[in-house]
Protein chains: 2
Amino acid sequence: MAEWTSAVGAVQLARLLRSQESAGAVALDRPGRRVPAYRSLADGVRLLVLEGRIPVATRLPAERELASALGVSRTTIAAAYEHLRAAGFLESRRGAGSWTSVPAGHPLPTRGLEPLPPDATGSMIDLGCAALPAPEPWLTRAMHGALEQLPLYAHTHGDYPAGLPGLRTAIAERYTARGVPTMSEQIMITTGAMGAMIALCRLFAGRGERIAVDSPSYANILQLMREDGARLVPVAMGEGLTGWDVETWRHTLRDAAPRLAYVIPDYHNPTGALADDDQRRALVDAARRAGTVVVADETMSELRLDDTGERPRPMASYDPAGSTVVTVGSASKAFWAGLRIGWVRAAPEVIRSLVSARAYADLGSPVVEQLATTWLLEGGGWAAATGLRRSQARANRDAIVAALQRHLPDWEYTVPHGGLTLWVRTGGLSGSRIAEAGERVGVRIPSGPRFGVGGAFEGYVRLPFTVTGAVAEEAVGRLAAAARAVAEGAGPVAAEPAGAFIA
Amino acid sequence: MAEWTSAVGAVQLARLLRSQESAGAVALDRPGRRVPAYRSLADGVRLLVLEGRIPVATRLPAERELASALGVSRTTIAAAYEHLRAAGFLESRRGAGSWTSVPAGHPLPTRGLEPLPPDATGSMIDLGCAALPAPEPWLTRAMHGALEQLPLYAHTHGDYPAGLPGLRTAIAERYTARGVPTMSEQIMITTGAMGAMIALCRLFAGRGERIAVDSPSYANILQLMREDGARLVPVAMGEGLTGWDVETWRHTLRDAAPRLAYVIPDYHNPTGALADDDQRRALVDAARRAGTVVVADETMSELRLDDTGERPRPMASYDPAGSTVVTVGSASKAFWAGLRIGWVRAAPEVIRSLVSARAYADLGSPVVEQLATTWLLEGGGWAAATGLRRSQARANRDAIVAALQRHLPDWEYTVPHGGLTLWVRTGGLSGSRIAEAGERVGVRIPSGPRFGVGGAFEGYVRLPFTVTGAVAEEAVGRLAAAARAVAEGAGPVAAEPAGAFIA
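Note that the coordinates shown come from a computational prediction; the quantities given were computed from them, not determined experimentally. (Residues numbered from 1 in each chain as written. Chains lettered and ligands numbered in written order. Predicted model: local features only at pLDDT ≥ 70, side-chain atom pairs only at ≥ 80, totals over all residues. Heavy atoms only, no water.)

### Let's talk about the overall build of chain A
Link 1 in the chain: Within chain A, the secondary structure is distributed over 16 helices and 13 strands.
Link 2 in the chain: Looking at chain A as a whole, 62% of its 503 residues qualify as buried.
Link 3 in the chain: Look at the contacts in chain A between residues 6 or more apart in sequence, and 75% of them connect residues 24 or more apart.
Link 4 in the chain: Of the roughly 17,500 Å² that chain A leaves accessible, carbon and sulfur atoms contribute 53%. (Helix = DSSP H or I, 4+ residues; strand = E, 2+ residues; numbered from the N terminus. Buried < 20%, exposed > 50% of the residue type's maximum accessible area, 1.4 Å probe, protein only. Contact = heavy atoms within 4.5 Å. Areas by Shrake-Rupley, 256 points an atom, 1.4 Å probe, with all protein chains shown as cover.)

### Some words on the interface of chain B and chain A
Link 1 in the chain: With 75 residues of chain B at the contact, the number on the chain A side is 75 residues.
Link 2 in the chain: Summed over both sides, the interface of chain B with chain A buries roughly 6,300 Å², with 62% coming from carbon and sulfur.
Link 3 in the chain: Linking chain B with chain A are four salt bridges.
Link 4 in the chain: B:Arg340 is paired through a salt bridge with A:Asp159; the nearest N and O atoms lie 3.9 Å apart.
Link 5 in the chain: Put simply, chain B and chain A have 12 residue pairs in polar contact (both at pLDDT 80 or more) between them.
Link 6 in the chain: Mapped by element, the contributors of at least two residues to the side of chain B that touches chain A are helix 1 (10-19), helix 5 (138-149), helix 6 (151-154), helix 8 (192-204), helix 9 (219-227), helix 12 (348-357) and helix 13 (367-379) of chain B. (Buried area = accessible area lost by both parts, 1.4 Å probe. Salt bridge = Lys/Arg side-chain N within 4 Å of Asp/Glu carboxyl O. Polar contact = N/O pair within 3.5 Å; in protein donor to acceptor, adjacent residues only side chain to side chain.)

### A short note on the pairing of strand 6 (residues 231-236) of chain A
Two faces, one strand: in a regular strand the side chains alternate between the faces of the sheet.
All names here are of chain A.
Link 1 in the chain: Taken together, the six bridges between strand 5 (residues 210-215) and strand 6 define a ladder with parallel strand orientation. Looking at the pairing, Val213 lines up with Pro234 of strand 6.
Link 2 in the chain: A crossover connection joins strand 5 to the parallel strand 6 through helix 9 (residues 219-227); in handedness this β-α-β unit is right-handed. (Pairing = 2+ DSSP bridges. Right-handed = clockwise from strand over helix to strand, strands pointing away.)

### Notes on the side chain of A:Glu298
Link 1 in the chain: Here A:Glu298 is to be found in the loop between strand 8 (293-297) and strand 9 (325-330).
Link 2 in the chain: Once residues lying within four places of it in the same chain are set aside, the contact partners of A:Glu298 are A:Tyr175, A:Arg178, A:Asp266, A:Pro314, A:Met315, A:Thr327 and A:Val328.

### Remarks on unusual backbone geometry
Link 1 in the chain: With an omega of 10°, the peptide bond between B:Glu136 and B:Pro137 qualifies as cis.
Link 2 in the chain: Within the secondary structure layout, B:Pro137 lies in the loop between strand 3 (125-126) and helix 5.
Link 3 in the chain: Look at the link from B:Asn269 to B:Pro270: it is a cis peptide, with omega at 20°.
Link 4 in the chain: Within the fold, B:Pro270 resides in the loop between strand 7 (260-263) and helix 11 (277-290).
Link 5 in the chain: In this model, A:Phe457 sits at a positive phi of 70°, which is unusual for a non-glycine residue.
Link 6 in the chain: Note on A:Phe457: relative accessible area 18%, which makes it buried.
Link 7 in the chain: Located in the positive-phi region is B:Tyr267, a residue other than glycine, with phi close to 50°.
Link 8 in the chain: Summarising the element assignment, B:Tyr267 is placed in the loop between strand 7 and helix 11.

### A closer look at the sheet that holds strand 10 (residues 342-345) of chain B
Residues and elements named next belong to chain B.
Link 1 in the chain: Taken together, the seven strands give an open sheet; going across it, the order is 4-10-9-8-7-5-6, and neighbouring strands pair in mixed fashion. Each end of this open sheet is capped by a strand with a single partner; those strands are strand 4 (187-190) and strand 6 (231-236). Shown here is a sheet whose adjacent strand axes are inclined to one another by a mean of 20°, direction ignored.
Link 2 in the chain: Where strand 5 (residues 210-215) meets strand 7, three bridges bridge the pair, whose relative direction is parallel. Its bridge partner being in strand 7, Ala212 is matched across the sheet by Ala261.
Link 3 in the chain: Of the strands in this sheet, strand 4, strand 9 (325-330) and strand 10 are in contact with helix 7 (residues 165-177), which crosses strand 4 at around 120°. (Axes fitted to C-alpha atoms, helices over the stretch in contact; angles between N-to-C directions.)

### Thoughts on helix 16 (residues 469-489) of chain B
Given 3.6 residues per helical turn, the α-helix brings residues three or four places apart onto the same face.
All names here are of chain B.
Link 1 in the chain: Along its 21 residues, helix 16 runs 31 Å from first to last C-alpha, staying within 8% of the 30 Å computed at 1.5 Å per residue.
Link 2 in the chain: Residues Ala472, Ala475, Val476, Arg478, Leu479, Ala480, Ala482, Ala483 and Val486 constitute the buried set of helix 16.
Link 3 in the chain: Close packing links the buried residues of helix 16 with strand 3, helix 14 (381-407), helix 15 (431-441), strand 12 (443-444) and strand 13 (460-464). (Expected span 1.5 Å × (residues − 1).)

### What about the packing of helix 14 of chain B against helix 16 of chain B?
Residue and element names in this part refer to chain B.
Link 1 in the chain: Contact pair helix 14 / helix 16: the axes reach a minimum separation of 9 Å and the direction vectors enclose 40°. By the angle between their axes, helix 14 is oblique relative to helix 16. In the crossing of helix 14 with helix 16, the sense of the turn from one axis to the other is right-handed. Of the residues in helix 16, those in contact with Ala399, Ile400, Ala403, Leu404, Arg406 and His407 of helix 14 are Gly469, Ala472, Glu473, Val476, Gly477 and Ala480. (Parallel < 35°, antiparallel > 145°, perpendicular 65-115°, else oblique. Left-handed = near helix turned anticlockwise from the far one by under 90°.)

### What about the relation of the copies chain B and chain A?
Link 1 in the chain: The operation relating chain B to chain A is a screw motion whose rotation component is 180°, with 0.0 Å of axial translation and a residual RMSD of 0.1 Å. Accordingly, the operation relating the two chain copies is best matched by a two-fold axis. (Least-squares fit on C-alpha atoms with pLDDT ≥ 70 in both.)

### Here's the deal with the sheet that holds strand 9 of chain A
Residues and elements named next belong to chain A.
Link 1 in the chain: Read across the open sheet, the seven strands follow the order 4-10-9-8-7-5-6; overall the sheet is mixed. Either end of the sheet is taken by a strand with one partner, and the two such strands are strand 4 (187-190) and strand 6. Pairwise comparison of adjacent strand axes, ignoring direction, gives a mean angle of 20° for this sheet.
Link 2 in the chain: Judged from the four bridges that link them, strand 9 and strand 10 (residues 342-345) form a sheet pairing that is antiparallel. Residue pairing in the sheet places Gly329 in a bridge with Trp343 of strand 10.

### Notes on the packing of helix 10 (residues 246-256) of chain B against helix 11 of chain B
Geometry of a packed helix pair, given as the angle between the helix axes and the separation of the axes.
All names here are of chain B.
Link 1 in the chain: It is at 9 Å that the axes of helix 10 and helix 11 come closest, and there the two elements cross at 10°. Comparing the axis directions of helix 10 and helix 11 gives the class roughly parallel. In this structure, helix 10 contributes Val246, Trp249, Arg250 and Leu253 to the contact, and helix 11 contributes Gln279, Ala282, Leu283, Ala286, Ala287, Arg289 and Ala290.
Link 2 in the chain: Residues belonging to the contact of helix 10 with helix 11 are distributed by class as follows: eight nonpolar, one polar and two charged. (Nonpolar A, V, L, I, M, F, W, Y, C, P; charged D, E, K, R; others polar.)

### Structural notes on the packing of aromatic side chains
Link 1 in the chain: Here the structure, examined in full by the defined rule, presents 12 aromatic pairs over all chains.
Link 2 in the chain: Between the aromatic rings of A:Trp423 and A:Phe457, the centroid separation amounts to 5.5 Å while the plane-to-plane angle is 70°, which identifies the pairing as edge-to-face. On the criterion of sequence distance, the pair formed by A:Trp423 in strand 11 (residues 421-425) and A:Phe457 in the loop between strand 12 (443-444) and strand 13 (460-464) is long-range, its members being 34 residues apart. We note that A:Trp423, like A:Phe457, is buried.
Link 3 in the chain: Aromatic side chains B:Phe457 and B:Tyr460 sit 5.5 Å apart centroid to centroid with 80° between the ring planes, which places their arrangement in the edge-to-face category.
Link 4 in the chain: When its relative accessible area of 14% is taken as the criterion, B:Tyr460 is described as buried. (Phe/Tyr/Trp six-rings, centres within 6.5 Å; stacked < 30°, edge-to-face > 60°.)

### Some thoughts on the pattern of salt bridges
Residues and elements named next belong to chain A.
Link 1 in the chain: Under the criterion given, the structure shown has 42 salt bridges over all chains.
Link 2 in the chain: In this structure, the salt-bridge partner of Arg74 is Glu63, at a minimum N-O distance of 3.5 Å. In this pair, Arg74 sits in helix 4 (residues 74-86) while Glu63 sits in helix 3 (residues 63-70), placing the two residues 11 residues apart along the sequence.
Link 3 in the chain: Residue class for Arg74 comes out partly exposed when judged on its relative accessible area of 47%.
Link 4 in the chain: One salt bridge connects Asp266 with Arg280, and the closest N-O pair in it is separated by 2.8 Å. Remark: Arg280 occurs in helix 11 (residues 277-290) and Asp266 occurs in the loop between strand 7 (260-263) and helix 11; sequence separation between them is 14 residues. You'll find Asp266 and Arg280 in the same group, each marked buried.
Link 5 in the chain: Look at the salt bridges and you will find they share partners, linking Asp43, Arg46 and Glu436 into a network.

### Regarding the side chain of A:Arg397
Link 1 in the chain: Inspection of the secondary structure assignment puts A:Arg397 in helix 14 (residues 381-407).
Link 2 in the chain: Excluding its chain neighbours within four sequence positions, the residues that come into contact with A:Arg397 are A:Leu305, A:Asp306, A:Val415, A:Pro416, A:His417 and A:Phe465.

So, in structure tokens, the structure goes:
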């Protein structure tokens with residue numbers, strides 16, 4: 001019990017609490033919040049345990065040390081620990097210390113967005129991951145196609161920090177075909193879109209630097225930026241799938257002059273919004289004036305589910321040189337997450353810097369996966385596979401919406417014309433509470449605050465287009481049961497910590 | 001020319017110079033160095049350009065801004081810029097600014113450790129990468145084996161943050177067979193050993209935290225730690241392949257109490273040293289007392305080239321629970337770098353924390369690569385493939401040593417009994433200069449300071465066991481030519497920047 005692995009230091013815990021903006025703990029830094037500091041703190045620790053970010057049976061720091069690390073009184077820490085003990089999340093032995101625990105009968109800690117391994121799924125319906133099965137037979141065909149090319153590469157050392165030349169060319173040609181002339185020197189192959197974002201954040205946004213982001217935006221990217229020490233500047237989306245609020249973006253870019261702006265122009269995650277051409281042009285213009293680099297995440301761009309007329313032009317078409325607009329793409333959502341191939345399109349000198357820095361990052365992406373992606377893009381399989389993916393996603397979207405109408409008629413959302421996610425206002429109930437209650441009734445969903453900055457979107461959850469038929473029906477039925485449990489168990493607003501009803 | 005992509009800010013340049021400890025620029029912070037500050041600074045910028053970390057045609061900050069960011073006088077900056085201009089590494093236009101350049105006839109900037117793409121190799125012999133061709137037919141067979149299993153996984157969403165259960169089990173069984181009982185819950189599959197190190201540094205070593213490292217150690221891992229903001233504490237290796245200097249380790253762990261210690265116990269990169277059982281036990285004991293986590297990198301452990309009797313026990317056998325000793329393994333060196341599969345062995349709660357954090361890192365490793373690795377480990381192909389790899393490496397080692405004896409008889413080294421690298425003292429000449437001269441005569445090698453902390457090992461280069469026969473002969477012949485060029489061109493010690501003769 002005394003080994004370091006079951007202890008968390010005061011500084012580390014303070015860092016975890018601060019990084020977990022979705023929890024009430026950040027209220028410690030923010031005056032004017034109505035929740036007492038000890039409740040915010042207890043709530044933060046509880047969520048860290050439930051999310052698995054602090055393992056069960058971890059020794060917490062002494063009260064005095066944590067008080068000093070957080071800059072609050074020791075009384076506050078003592079009250080928070082007492083509250084956690086009363087709720088079953090802490091066990092203390094006098095003179096020895098306090099260890100995290102979970103109340104009897106409570107499910108084991110899980111992380112909302114972490115998929116369950118297939119051997120542990122049981123009866124849990126996991127709606128955490130907005131990812132679909134592979135569009136067969138295209139995965140198998142692409143892999144066989146890759147193996148035919150493999151002998152050409154097996155005799156090399158296998159390290160390709162910029163990516164295989166053939167794949168760089170194939171992706172450059174796709175941009176050119178979309179109206180944005182692109183050379184292969186403007187492309188780097190990455191290990192998924194996440195690999196691209198990690199490299200871009202490292203290159204452009206040092207610790208403490210500002211990054212403007214859509215509010216809401218993709219949870220894992222926001223968390224990646226927080227972990228890197230960036231200061232997130234949220235920019236509210238327009239209401240109801242109208243894309244960006246250009247005036248707010250202009251003001252933010254002018255006043256905050258962030259180093260980076262991260263946006264999802266096509267079928268935004270989580271809202272599904274599609275930015276129009278005027279918004280794109282205006283954002284790129286404002287970014288150029290502010291000296292901000294815009295990272296446009298096109299992960300969802302192939303997932304157009306309804307024909308709504310002419311498509312907006314790619315963000316890169318407003319800055320073809322790739323100096324102001326850097327584009328990130330990926331096969332993970334459009335094809336299969338198990339492939340893990342993404343890419344960056346940018347100016348050649350940006351690509352050179354990214355490739356240089358790869359020597360002390362992931363070194364390169366796997367060769368066979370790159371060959372499979374090349375086969376898909378060059379052989380025409382890509383169009384067929386993404387077509388299949390779109391019809392799966394469309395059917396799933398319609399099933400989840402129909403089930404919501406039946407089981408949860410007071411939940412509000414705008415049905416998007418593309419993407420893989422529905423952004424749902426949960427009828428005045430706390431999304432975090434519903435997510436917690438869902439774990440107990442067998443449905444896993446990520447709550448709204450994961451997609452926001454500073455605890456925003458407490459009244460939301462995200463639902464993915466990944467299930468249909470009886471499973472969609474059952475999943476939403478369980479969500480309705482979770483919502484009932486929360487509604488019945490919720491006390492008055494003033495008595496609840498950050499995760500309660502929102503206005 | 002005025003776009004941001006071709007400009008580097010004063011703060012960013014200062015950071016690059018400080019991170020580049022192999023360059024003379026760090027001397028700015030260190031009094032008592034005989035080289036004038038402006039020469040150190042100019043040398044640092046020159047190396048950043050040659051390594052491609054600052055692209056050619058990048059605008060440098062104004063003298064005043066850089067002086068302020070570095071905390072030196074403007075006169076120093078002006079002298080450094082003037083020196084760079086004289087050497088052809090800077091072009092200035094009065095009133096407009098200064099841009100990086102490379103002298104006419106000089107090869108384009110490259111990064112020493114970055115492999116050349118196959119279509120750009122030309123006549124360059126690239127000894128930057130200690131990686132070998134795939135041991136065929138095992139790569140092809142493993143991939144076909146993987147495709148047979150793929151249908152079981154293609155219907156899932158493909159995200160496995162902890163790794164495929166079957167591969168976790170297969171790797172756990174290998175540790176158990178080596179005498180370290182291991183459950184699959186103690187294993188996480190990563191995207192190469194680099195993916196494992198990125199995750200471990202993020203979990204254990206926050207910004208500013210101390211990490212003790214062998215001196216010398218693996219260049220890319222050192223650079224990864226520097227980029228993460230860690231403070232590296234170098235611990236000198238014993239002389240001539242005798243492994244660790246246990247007394248020095250004890251003192252360092254006791255006095256510096258680093259959060260992490262990073263070591264390569266088996267066929268250390270770059271020296272090839274093998275730590276013995278007594279050293280292993282002593283290091284683990286000292287780490288336990290100091291509260292330091294030891295990361296043991298076993299990337300090279302399969303590469304035993306000579307039978308030297310009984311093998312030392314794995315580091316994990318001195319701490320089977322995995323609380324003090326965390327083990328990192330990889331198929332990249334033992335099998336093929338193009339596969340990009342690595343793993344971590346640690347206590348289950350450490351693995352859980354690493355898996356949680358993966359949601360905002362690389363999400364998971366590619367499925368087909370994991371299936372191929374499982375096929376190799378379970379089907380017996382692993383032993384045959386690594387056997388092939390060992391005989392390739394052995395033949396290459398003997399060829400490079402024979403060529404060194406012929407062409408460079410005054411270079412010194414101890415021939416290791418395993419691994420993929422030879423650590424060579426370059427007869428009193430600067431390894432950095434030889435690396436630079438090598439680029440001009442068609443041989444690429446990494447210089448010693450990349451493997452050291454604070455500019456150490458200027459008199460070394462690293463040679464990999466990757467070529468044989470006529471190529472080894474030609475490579476070493478070119479190295480000899482590079483060494484002659486350096487010897488003839490070098491001025492007196494006092495006039496040279498950090499990269500000159502060493503004592």
